[in-house]
Amino acid sequence: MGQEILRLVDIHKSFGHLHVLKGVNLTVERGEVVVIIGPSGKGKSTLLKCINLIEVPEAGQVVFLGKDYMQNAKQRGVSLRANPDLRFLRTHIGIVFQQFNLFPHKSALHNVMLAPMRVLGMSKQEAKEKSLEALERIGLLDKIDAFPSTLSGGQQQRVAIARALVMQPQLMLFDEVTSALDPELVGEVVEEIERLADSGMTMIVVTHEMGFAKECGDRMIFMDEGVIVEEATPEEMLRDPKEPRTKEFLRRILI
Amino acid sequence: MGIQLDFGPVIDSASFIAQGLGMTLYVTIVAMALALTLGLVVGMLRLVKFVPIRMMATIYVDFFRGLPQLAFLIWLYFGITLALGIHLSPLQAAIACLCIQEAACLAEIYRAGIEAIPKEQTQAALSLGLTPVQAFKDVVLPQALRIAMPAIGNDFIGMLKGSSLVSILGVWELMRVSQGRANYFFRPFEFLTTAAIIYIVLALGLERAFAFVEKRFKF
């Protein structure tokens, strides 16, 4: 640890009149597992989408591997969407969503193959090999030809994880990836993320799975009303939260 | 009771009718193929954020969708081409007219299909590093087409039937051939019934073909 991989400085983001992020500062070091908890609809997902600039903050810095992508965008005077440097950022940051967001018209294998071919310029054969490896790691080799609609939620989410991992990201973002799953399917997905954490992957995980947070989290962050309210190790925060809002939140979810 | 039915002249005219049928299919398929492309362009322009471009696309759709096909055919062939000094053959005018109007309808079908795809699909594609164009081409468009397929099939059948209007410009397609032959033999009932049956069979065939394609594209 020690090497900074991501630094967010004073991130602000609004949707119309709704001020969702009100100055978020966060630094993540290589190998760290940062767990973000907090009430729904208070900016956790938006924060993750601001990191790979799928949502563009109004103000602040997004520094990834020492380079500020917000500054970069301003200097170029082009919209972030058309900025080719964004490709680097997005290729090296993987994200998995709450609703999986697999491509329903593609089989599991082709969901995983798309980005290696289109973004990394791999040949079809090479992309297929890499994708099969990724799907093998998550134990879904028998489902490669299945379409998302025929897979269980847990399987879909695991394919989504493979789809992100095949790009060999340096940072993984998980946005409440188990919230849309039936309770009995949560385990297989959490296991996958735990294994990834054990392998040394740097990640930011928005979750309500306190077991996972305790097991794998190096740092826990409580977010509410668009700011970081409290930050501690998971054991500390779960045992002895300092802020009243944190206490209130943990009391409600830990019942 | 009226006259004795006699389908003999129809059978004698089989080669004429076959030629008319060929022309009907030619006009329909060529116009539809062009309209599928033009409609996609117009439909995408309808979604562009830059207002003037979007407005132009909207005006195109509103104008050509509101114009009666027969009026447009006559206006295009006898009016506009003369006014602008362009020489179009009846066949060219017929295809241009059908294509331009059909593109306006297809643009709306495409647009509805594209708008039906959740923005999370685009976000997922962009998150993987795809460019906006790739995200559209590889992720949004295939799903949008799947949604648009039944409506496109419907329009295709409409186009087939609409092609009978171009007989007014003197294109020797199924309708005009049937009328000509009917007048020649003075057997309107026999010839027009035959034409009607051919149209219905073609429409059924198209419907089956589209049902097959829809099934293939199911996911």
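Just so we're clear, the structure is a prediction, and the values are computed from it rather than from any experiment.

## Observations regarding the overall build of chain B
Per the secondary structure count, chain B includes 9 helices and 0 strands. Counting from the amino terminus, chain B carries its helices and strands in the arrangement α-α-α-α-α-α-α-α-α. Structurally, chain B occupies a C-alpha span of about 75 × 45 × 30 Å along its principal axes. Considering only contacts within chain B whose residues lie at least 6 apart along the sequence, 77% involve residues at least 24 apart. Carbon and sulfur atoms make up 70% of the accessible area of chain B, which totals about 11500 Å². Measuring between centres, the 16 positive side-chain charges of chain B sit 6 Å from its 13 negative side-chain charges.

## Quick look at a nonpolar patch on the surface
All names here are of chain B. A contiguous nonpolar patch, built from Val-51, Met-55, Ile-59, Phe-63 and Trp-75 and spanning about 500 Å² of accessible area, is present on the exposed surface. Top contributing element to the nonpolar patch by residue count: helix α3 (residues 51-66), with 4 residues. Here Ile-59 lies in helix α3.

## Some words on the sheet that holds strand β9 (residues 219-224) of chain A
Residue and element names in this part refer to chain A. Across the sheet, which stays open at both edges, the 6 strands sit in the order β6-β7-β8-β3-β9-β10 with mixed pairing between neighbours. Two strands close off the open sheet at either side, each with one partner strand: β6 (93-96) and β10 (227-232). For this sheet, the mean angle separating the axes of adjacent strands, direction not counted, is 20°. In this sheet, β9 lies alongside strand β3 (residues 33-37) in parallel orientation, the contact comprising 4 bridges. Note on β9: the bridge partner recorded for Ile-36 is Ile-221. Where helix α10 (residues 244-253) meets the sheet, its contacts fall on β3, β9 and β10, and the angle it forms with β9 comes to roughly 100°.

## Quick notes on the pairing of strand β2 (residues 18-29) of chain A
Residues and elements named next belong to chain A. Where strand β1 (residues 4-15) lies against β2, 9 bridges are found, and the strand directions are antiparallel. Opposite Arg-7, over in β2, you have Thr-27 as the bridge partner. Between the end of β1 and the start of β2, which pair antiparallel, lie 2 residues, with Gly-16 showing a positive phi angle near 60°.

## Focus on the interface of chain A and chain B
Contacts between the two partners involve 26 residues from chain A, matched on the other side by 19 residues from chain B. In total, chain A and chain B occlude about 2000 Å² of area from one another, counting both sides; carbon and sulfur atoms represent 60% of this. Among the residues of chain A in contact with chain B, A:Phe103, A:His105 and A:Arg118 are the three that bury the most area, contributing 26% of the side total. Across the chain A-chain B interface, the total number found is 1 salt bridge. Of the charged contacts, one joins B:Asp138 and A:Arg118 as a salt bridge, the two residues approaching to 2.6 Å between their closest N and O atoms. Run the count over chain A and chain B and you get 9 residue pairs in polar contact (both at pLDDT 80 or more). Per-class residue counts for the side of chain A that touches chain B are 13 nonpolar, 5 polar and 8 charged.

## Let's talk about a negative patch on the surface
The grouping of A:Glu126, A:Glu129, A:Glu133 and A:Glu136 at the surface amounts to a negative patch. Mapped onto the elements of the fold, A:Glu129 is located in helix α5 (residues 124-137).

## A short note on unusual backbone geometry
One non-glycine residue with positive phi stands out, namely A:Gln168, at about 50°. Take A:Gln168: it is sitting in the loop between α6 (153-165) and β7 (171-175). Of note in this structure, B:Phe186 is not a glycine but carries a positive phi near 50°. For B:Phe186, the location among the structural elements is in the loop between α8 (174-185) and α9 (188-216).

## What to know about the nonpolar core
Core analysis: the biggest nonpolar cluster contains 96 residues, and A:Leu6, A:Phe174 and A:Ile204 have the highest contact counts within it. Considering every element that reaches this core, the biggest residue donor is helix α7 (residues 183-198) of chain A, with 7 residues. Those residues within four positions of A:Leu6 in sequence are excluded, and the remaining contacts are A:Leu26, A:Thr27, A:Val28, A:Ile51, A:Val62, A:Val63, A:Phe64, A:Leu171 and A:Ile204. In terms of nonpolar packing, the next biggest core, distinct from the first, is built from 38 residues, B:Met32, B:Phe64, B:Ala94 and B:Ile109 among them.

## A closer look at the sheet that holds strand β5 (residues 67-68) of chain A
Residue and element names in this part refer to chain A. Taking strand neighbours across the sheet as the criterion, the 4 strands line up as β2-β1-β4-β5 in an open arrangement whose pairing is antiparallel. Across the chains shown, the open sheet's two edge strands, defined by having one partner strand only, are β2 and β5. Across the face of the sheet, helix α1 (residues 44-51) comes into contact with β1, β2 and β4 (59-64) while running at roughly 120° to β1.

## Points about the pattern of salt bridges
When their charged atoms lie close together, side chains carrying opposite charge are able to pair. Residue and element names in this part refer to chain B. The tally for this structure, following the rule as stated, stands at 21 salt bridges over all chains. The residue Glu-108 makes a salt bridge to Arg-111 at a minimum N-O spacing of 3.0 Å. Taken as a pair, Glu-108 and Arg-111 lie in helix α5 (residues 90-115) at a separation of 3 residues, close to a single helical turn. With a relative accessible area of 14%, Glu-108 lands in the buried category. Between Lys-137 and Asp-138 there is a salt bridge, and its shortest N-O distance comes to 3.4 Å.

## Quick notes on the side chain of A:Gln157
Residues and elements named next belong to chain A. Mapped onto the elements, Gln-157 comes out in helix α6. Gln-157 gets classed as buried once you look at its relative accessible area, which sits at 0%. The residues contacting Gln-157, other than those within four sequence positions of it, are Val-96, Phe-97, Gln-98, Phe-100, Val-177 and Val-189.

## Observations regarding the packing of aromatic side chains
Residues and elements named next belong to chain B. Scanning all chains against the criterion turns up 10 aromatic pairs over all chains. Aromatic side chains Phe-63 and Trp-75 sit 6.3 Å apart centroid to centroid with 55° between the ring planes, which places their arrangement in the tilted category. Taken together, the residues Phe-63 in helix α3 and Trp-75 in helix α4 (residues 69-84) connect sequence positions 12 residues apart. By relative accessible area, which is 40% here, Trp-75 ends up partly exposed. Taking the centre distance of 5.0 Å and the plane angle of 90° together, the rings of Tyr-184 and Phe-185 count as edge-to-face.

About the thresholds
- Residues numbered from 1 in each chain as written.
- Chains lettered and ligands numbered in written order.
- Predicted model: local features only at pLDDT ≥ 70, side-chain atom pairs only at ≥ 80, totals over all residues.
- Heavy atoms only, no water.
- Helix = DSSP H or I, 4+ residues; strand = E, 2+ residues; numbered from the N terminus.
- Contact = heavy atoms within 4.5 Å.
- Areas by Shrake-Rupley, 256 points an atom, 1.4 Å probe, with all protein chains shown as cover.
- Lys, Arg positive; Asp, Glu negative; His and termini not counted.
- Charge placed at Lys NZ, Arg CZ, Asp CG, Glu CD.
- Patch = residues over 30% accessible without salt bridge, like charges linked within 9 Å, V, L, I, M, F, W, Y side chains within 5 Å.
- Salt bridge = Lys/Arg side-chain N within 4 Å of Asp/Glu carboxyl O.
- Pairing = 2+ DSSP bridges.
- Axes fitted to C-alpha atoms, helices over the stretch in contact; angles between N-to-C directions.
- Buried area = accessible area lost by both parts, 1.4 Å probe.
- Polar contact = N/O pair within 3.5 Å; in protein donor to acceptor, adjacent residues only side chain to side chain.
- Nonpolar A, V, L, I, M, F, W, Y, C, P; charged D, E, K, R; others polar.
- Core = buried A, V, L, I, M, F, W, Y, C linked by side-chain atoms within 4.5 Å.
- Buried < 20%, exposed > 50% of the residue type's maximum accessible area, 1.4 Å probe, protein only.
- Phe/Tyr/Trp six-rings, centres within 6.5 Å; stacked < 30°, edge-to-face > 60°.

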